[in-house]
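# Summary of the model geometry
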Amino acid sequence: MMYMEEGISFEAKMGDGSKTNEDFFSKMLNAGKRLLTGESLFLTHFTSKKEGKTHVSFSGAYPGKILPIDMKSINGYLISEKDAFLCAAYGTEIGIEFAKKISTGLFGGEGFILQKIVGDGLVFLNSGGYIHCKELNNETIFVDTGCVVAFESTVNYDIQKAGNLKTMLFGGEGIFLARLSGKGKIWIQSMPFTRLANKVIKSATDIGGAAKGEGSIIGGLGSLFESH
């Protein structure tokens, strides 16, 4: 939260507000799911106590863009990278979306778990650099795994190797690509936070900075060949 106007109260709660009659054990289970997606055990709920319109302002977790998405326009179901969620309208459910294939989980850069967001209001996501929204119409595109911010549930998501072995190791474009196909919207970022952090670390030679692999469990292998 950056600032809020007079008449707004806020409180940390275990539930996300999507289920009004949720018991304690259900809240604990759903909170555990949020932990797996990189969220906090508690969510802060902001409520206006004032008649008429009032404002509260939020900032992203890192330099970049805040991406607003109207859930009504995408049938109320969105899949995102696990650290993308910033805030949402009351009643939005935040859960986990398991990758359908082991290869997707191992090499997709987000482990076995993606973030599932369900609701009918506005959702705001963290993203880095320039944001491009593309709508697939029974098409297939290939995206750097770290550049995928979110996509509709109607889009199929998979991982495949980026060319032959020489291209994977020396091409400088990573070892794996995300394959997105079908019908629906996808949101792509030009500067993932991990890429930005790697550039900063590589530049910090005076403090012993070292590059760390991005995008997969063996991402550092490609960096090793790029650096020497």
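Residues numbered from 1 in each chain as written. Predicted model: local features only at pLDDT ≥ 70, side-chain atom pairs only at ≥ 80, totals over all residues. Heavy atoms only, no water.

### A look at the overall build of the protein
Helices and strands together make up the secondary structure of the protein, namely 5 helices and 14 strands. Per-residue burial over the protein gives 38% buried out of 228 residues. Relative to all contacts within the protein whose residues are 6 or more apart in sequence, the contacts with residues 24 or more apart total 76%. In the structure as shown, the protein presents an accessible area of about 13,100 Å², 57% of it carried by carbon and sulfur atoms. (Helix = DSSP H or I, 4+ residues; strand = E, 2+ residues; numbered from the N terminus. Buried < 20%, exposed > 50% of the residue type's maximum accessible area, 1.4 Å probe, protein only. Contact = heavy atoms within 4.5 Å. Areas by Shrake-Rupley, 256 points an atom, 1.4 Å probe, with all protein chains shown as cover.)

### A few points about the sheet that holds strand β5 (residues 65-70)
Hydrogen bonding along the main chain pairs the strands of a sheet, whether they run parallel or antiparallel. Reading across the sheet, the 3 strands line up as β5-β10-β7 and stay open at both edges, with antiparallel pairing between neighbours. This sheet does not close on itself; its edge strands, each paired only once, are β5 and β7 (85-88). Taken over all neighbouring pairs, the strand axes of this sheet differ in orientation by 25 degrees on average, direction set aside. Of the strand pairs in this sheet, β5 and strand β10 (residues 122-127) are connected by 6 bridges, and their pairing is antiparallel. The residue of β10 that forms the bridge with Leu67 is Leu125. (Pairing = 2+ DSSP bridges. Axes fitted to C-alpha atoms, helices over the stretch in contact; angles between N-to-C directions.)

### Details of the packing of aromatic side chains
The description of two aromatic rings rests on the distance between their centres and on the angle between their planes. Scanning the model with the defined rule gives 3 aromatic pairs in all. Here Phe151 and Tyr157 contribute two aromatic rings whose centre-to-centre distance is 5.2 Å and whose plane-to-plane angle is 20 degrees, an arrangement assigned as stacked. Grouping residues by exposure puts Phe151 and Tyr157 together as buried. (Phe/Tyr/Trp six-rings, centres within 6.5 Å; stacked < 30°, edge-to-face > 60°.)

### Considering the confidence of the model for the protein
Averaged over the protein, the pLDDT score is 77; the fraction of residues at 70 or greater is 66%. A low-confidence stretch, residues 211-228 stays under pLDDT 50, and its non-local contacts, those more than four residues away or across chains, total 32 contacts. (pLDDT = per-residue confidence, 0-100.)

### Some words on the side chain of Thr92
In this fold, Thr92 is placed in the loop between β7 and β8 (93-98). Here the side chain of Thr92 touches Ala89 through a polar contact of 2.8 Å, landing on its backbone oxygen. (Polar contact = N/O pair within 3.5 Å; in protein donor to acceptor, adjacent residues only side chain to side chain.)

### Considerations on the pairing of strand β9 (residues 113-118)
Pairing geometry for strand β6 (residues 77-80) and β9, over 4 bridges, is antiparallel. Looking at β9, one finds that Ser80 is bridged to Gln115. Note: β8 against β9, 6 bridges, orientation antiparallel. Across the sheet, Ile96 pairs through a bridge with Gln115, a residue of β9.

### Thoughts on the environment of Glu139
Mapped onto the elements of the fold, Glu139 is located in strand β11 (residues 131-144). Relative accessible area serves as the criterion here: at 33%, Glu139 is assigned to the partly exposed category. Along the sequence, Glu139 and Leu180 sit 41 residues apart, while their C-alpha atoms lie 8.2 Å from each other. Apart from residues no more than four positions distant in its own chain, Glu139 is found in contact with Leu180, Ser181 and Gly182.

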